[in-house]
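Given next are the chains, with one letter for each unit.
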Amino acid sequence: MAAQLSSPETYFQTAVFCLIVAVTLIAVGRHQRRTGRSITNPDRPIRVANGLLPEAPPRKSKRVTGRIYIFFGWFLILGVAINLINGIRAARS
């Protein structure tokens, strides 16, 4: 038998935190991949004096960044699964 490294509560708290961060990363990544625009700066038209400046075209780099966010989000989902398994094992012993 392996020695227990942490209490079950620690594993479950870590799993919840990882899940929150993963869902956030996946949501932001999907938005950036789909639109090509940042979620914090969506590049809307800007009113200057009496005219509107057109919005900037979508960037390919934002779409690539979105894919990277999605990858790290799914990587954290793997961490959630591992922490849940460890928490259940720690609670059983």
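This structure is a prediction, so every number in the text was calculated from the model and none was measured. (Residues numbered from 1 in each chain as written. Predicted model: local features only at pLDDT ≥ 70, side-chain atom pairs only at ≥ 80, totals over all residues. Heavy atoms only, no water.)

Draft legend 1. Summary view of the overall build of the protein chain. For the protein chain, the helix and strand inventory stands at two helices and two strands. In the protein chain, the order of α-helices and β-strands from amino to carboxyl end is α-β-β-α. Over its C-alpha trace the protein chain gives a radius of gyration of 20 Å, far above what one expects of a compact globule, namely 12 Å for 93 residues. In terms of principal-axis extent, the alpha carbons of the protein chain reach across some 70 × 25 × 15 Å. When burial is assessed residue by residue, the protein chain has 20% of its 93 residues classed as buried. Summarising the internal contacts of the protein chain: among those between residues at least 6 apart in sequence, 70% fall at separations of at least 24. In the structure as shown, the protein chain presents an accessible area of about 7,200 Å², 64% of it carried by carbon and sulfur atoms. (Helix = DSSP H or I, 4+ residues; strand = E, 2+ residues; numbered from the N terminus. Rg over C-alpha atoms; globule rule 2.2 N^0.38 Å. Buried < 20%, exposed > 50% of the residue type's maximum accessible area, 1.4 Å probe, protein only. Contact = heavy atoms within 4.5 Å. Areas by Shrake-Rupley, 256 points an atom, 1.4 Å probe, with all protein chains shown as cover.)

Draft legend 2. Examining the confidence of the model for the protein chain more closely. On average, the protein chain scores 86 in pLDDT, and the residues at 70 or more come to 90%. For the protein chain, the element scoring lowest by mean pLDDT is strand 1 (residues 46-48), at 71; helix 1 (residues 8-35) scores highest, at 94. (pLDDT = per-residue confidence, 0-100.)

Draft legend 3. Spotlight on helix 2 (residues 60-92). Taking 1.5 Å as the rise per residue, helix 2 with 33 residues should run 48 Å; its terminal C-alpha atoms sit 49 Å apart, in good agreement. Gly-66, Ile-70, Gly-73, Val-80, Asn-83, Gly-87 and Ala-90 are the residues of helix 2 that are buried. In the core, the buried residues of helix 2 are packed alongside helix 1. (Expected span 1.5 Å × (residues − 1).)

Draft legend 4. Broad picture of a nonpolar patch on the surface. Judged by side-chain polarity, Val-64, Ile-68, Phe-71, Phe-72, Phe-75, Leu-78 and Ile-82 come together as a nonpolar surface patch covering roughly 680 Å² of accessible area. By the secondary structure assignment, Val-64 is in helix 2. (Patch = residues over 30% accessible without salt bridge, like charges linked within 9 Å, V, L, I, M, F, W, Y side chains within 5 Å. Salt bridge = Lys/Arg side-chain N within 4 Å of Asp/Glu carboxyl O.)

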